[in-house]
Amino acid sequence: MELEIFLEMSEAGPQETEVVEKRFLDWHAEGAEIRYDKVCFGRLTRLDRPFSFLVDIGEADPLEVIRDLHARLYRFGAKVFVHFIPS
């Protein structure tokens, strides 16, 4: 399954913007890490709008994926908007 993710940054300050982007990329890297006991994410594509991404989450549970991302970003003022794109 693919998710189109938009990070709305209006409540984040300039310092938080870098932190949010790094945490988002770390979130994807951890999801894409190949281990025998988990489902791996696929590719990450940056879209034309700032803070917009297309993420292939493979067969991972979308609710767990979104909860994990939200938990990493909410305290920095980022809002996560997700559009589901069925494969």
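Now for a description of the structure that goes with this document. Keep in mind it's a predicted model, so treat the numbers as computed, not measured. (Residues numbered from 1 in each chain as written. Predicted model: local features only at pLDDT ≥ 70, side-chain atom pairs only at ≥ 80, totals over all residues. Heavy atoms only, no water.)

1. Digging into the environment of Leu3
Then comes step 1: Tracing the sequence through the fold places Leu3 in strand S1 (residues 2-8).
Then comes step 2: Note on Leu3: relative accessible area 0%, which makes it buried.
Then comes step 3: Linking Leu3 and Ala29, residues 26 residues apart in sequence, is a C-alpha distance of 15 Å.
Then comes step 4: Beyond its immediate stretch of four places on either side in the chain, Leu3 contacts Phe53, Leu54, Val55, Ile57, Val65, Ile66, Val82, His83 and Phe84. (Helix = DSSP H or I, 4+ residues; strand = E, 2+ residues; numbered from the N terminus. Buried < 20%, exposed > 50% of the residue type's maximum accessible area, 1.4 Å probe, protein only. Contact = heavy atoms within 4.5 Å.)

2. A short note on the packing of helix H1 (residues 14-32) against helix H2 (residues 62-73)
Then comes step 1: Where H1 contacts H2, the two axes come as close as 10 Å, and the packing angle between them is 150°. Between H1 and H2, the angle is such that the two are roughly antiparallel. The hand of the H1/H2 crossing is right-handed. Contacts between H1 and H2 involve Val20, Arg23, Phe24, Asp26, Trp27 and Glu30 on the former and, on the latter, Val65, Asp68, Leu69, Arg72 and Leu73. (Axes fitted to C-alpha atoms, helices over the stretch in contact; angles between N-to-C directions. Parallel < 35°, antiparallel > 145°, perpendicular 65-115°, else oblique. Left-handed = near helix turned anticlockwise from the far one by under 90°.)

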